[in-house]
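# Descriptive analysis of the structure
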Amino acid sequence: GAGVSQSPRYKVAKRGQDVALRCDPISGHVSLFWYQQALGQGPEFLTYFQNEAQLDKSGLPSDRFFAERPEGSVSTLKIQRTQQEDSAVYLCASSQRWSHYGYTFGSGTRLTVV
Amino acid sequence: GQQVMQIPQYQHVQEGEDFTTYCNSSTTLSNIQWYKQRPGGHPVFLIQLVKSGEVKKQKRLTFQFGEAKKNSSLHITATQTTDVGTYFCGSGSRLTFGEGTQLTVNP
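Right, let's walk through the structure included here. (Residues numbered from 1 in each chain as written. Chains lettered and ligands numbered in written order. Predicted model: local features only at pLDDT ≥ 70, side-chain atom pairs only at ≥ 80, totals over all residues. Heavy atoms only, no water.)

With that settled, consider the state of the cysteines. The full count for this structure, using the stated rule, is 2 disulfides over all chains. Put simply, cysteine 23 of chain A and cysteine 92 of chain A are joined by a disulfide, and their sulfur atoms are 1.9 Å apart. Across the disulfide from cysteine 23 of chain A to cysteine 92 of chain A, rotation about the S-S bond amounts to roughly -65°, and the bridge is consequently left-handed. Here the residue cysteine 23 of chain A occupies a position in strand β3 (residues 19–24), and cysteine 92 of chain A occupies one in strand β9 (residues 88–95), the gap between them amounting to 69 residues. For the residue pair cysteine 23 of chain A and cysteine 92 of chain A, the accessibility class agrees, reading buried in each case. Two residues, cysteine 23 of chain B and cysteine 89 of chain B, share a disulfide whose sulfurs are 2.1 Å apart. The disulfide joining cysteine 23 of chain B to cysteine 89 of chain B has a torsion of about 75° about its S-S bond and is therefore right-handed. You can see cysteine 23 of chain B sitting in strand β3 (residues 19–24) and its partner cysteine 89 of chain B sitting in strand β9 (residues 85–91), a full 66 residues away along the chain. The pair cysteine 23 of chain B / cysteine 89 of chain B is uniform in exposure class, with both members buried. (Disulfide = S-S within 2.5 Å. Helix = DSSP H or I, 4+ residues; strand = E, 2+ residues; numbered from the N terminus. Buried < 20%, exposed > 50% of the residue type's maximum accessible area, 1.4 Å probe, protein only.)

Have a look at this one:
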């Protein structure tokens, strides 16, 4: 598609519920990133894929967070047993190459845990 | 990762005034990218700098990368209300972002 598409746009989850956030990157973009952005803060790196390989997951805050990109295109970020501190905007970004070009961000998924 | 600090955190200007935000690091940066995020929006890529002392211009925006590759700046000449938003710098393959500078412009 023309841009990075994320769904759902908004998600309200009860504490303890599992959620799955989807990212459709720009067709042909090799690199895919997930970021977490709290209100008034800069985006915080979560994880990075090059094609289907997850090359860096050092930013995932706990083992409740899991990301996959099985066919090197669409990616899913899963959060198990959500907690209130997980409330944030989750941004996905894609790029043609590792760090050589600017990253194109999606509109994000705003997750609210109640 | 490559840590970056941004100042100021907030900047309020009158329309027509100039604006500058600074990005600083204690270590040498491989590159610096600048993004703009409008209220309620997502970061939008503005530019990437990779060379020591590099200067790039986009209309009223001037971007600089320091000689030591430890700092960068974004300067906007004669701000307009359309410049409102938060400006982030980021660096490294993981794109570690600074805290951002939130710009408001009074018409």
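Turning next to the pairing of strand β7 (residues 61–65) of chain B. Put simply, side chains in a regular strand alternate between the two faces of the sheet. All names here are of chain B. With respect to burial, β7 is a largely interior element, 4 of its 5 residues being buried. Here strand β6 (residues 55–58) pairs with β7 via 4 bridges, running antiparallel. Directly across from glutamine 58, in β7, lies its bridge partner leucine 61. What sits between the antiparallel neighbours β6 and β7 is a turn of 2 residues, in which lysine 59 has the positive phi angle 55°. Across 5 bridges, β7 lies against strand β8 (residues 71–76) in antiparallel orientation. Note that in β8 the partner of leucine 61 across the bridge is isoleucine 76. Remark: 5 residues form the turn of the hairpin made by β7 and β8, two consecutive strands paired antiparallel; lysine 69 in that turn has positive phi of roughly 55°. (Pairing = 2+ DSSP bridges.)

With that out of the way, let us pick up the nonpolar core. Formed by 20 residues in total, the largest nonpolar core has its most connected members in Trp34, Leu77, Tyr90 and Leu111 of chain A. Secondary structure elements with two or more residues in this core: β3, β4 (31–37), β5 (44–50), β7 (65–68), β8 (75–79), β9 and β11 (109–113) of chain A. Once residues within four sequence positions are removed from consideration, leucine 111 of chain A is found in contact with Lys11, Ala13, Val19, Ile79, Asp86, Ser87, Ala88 and Tyr90 of chain A. Membership of the second largest hydrophobic core comes to 19 residues, among which are Ile32, Trp34, Leu49 and Cys89 of chain B. (Core = buried A, V, L, I, M, F, W, Y, C linked by side-chain atoms within 4.5 Å. Contact = heavy atoms within 4.5 Å.)

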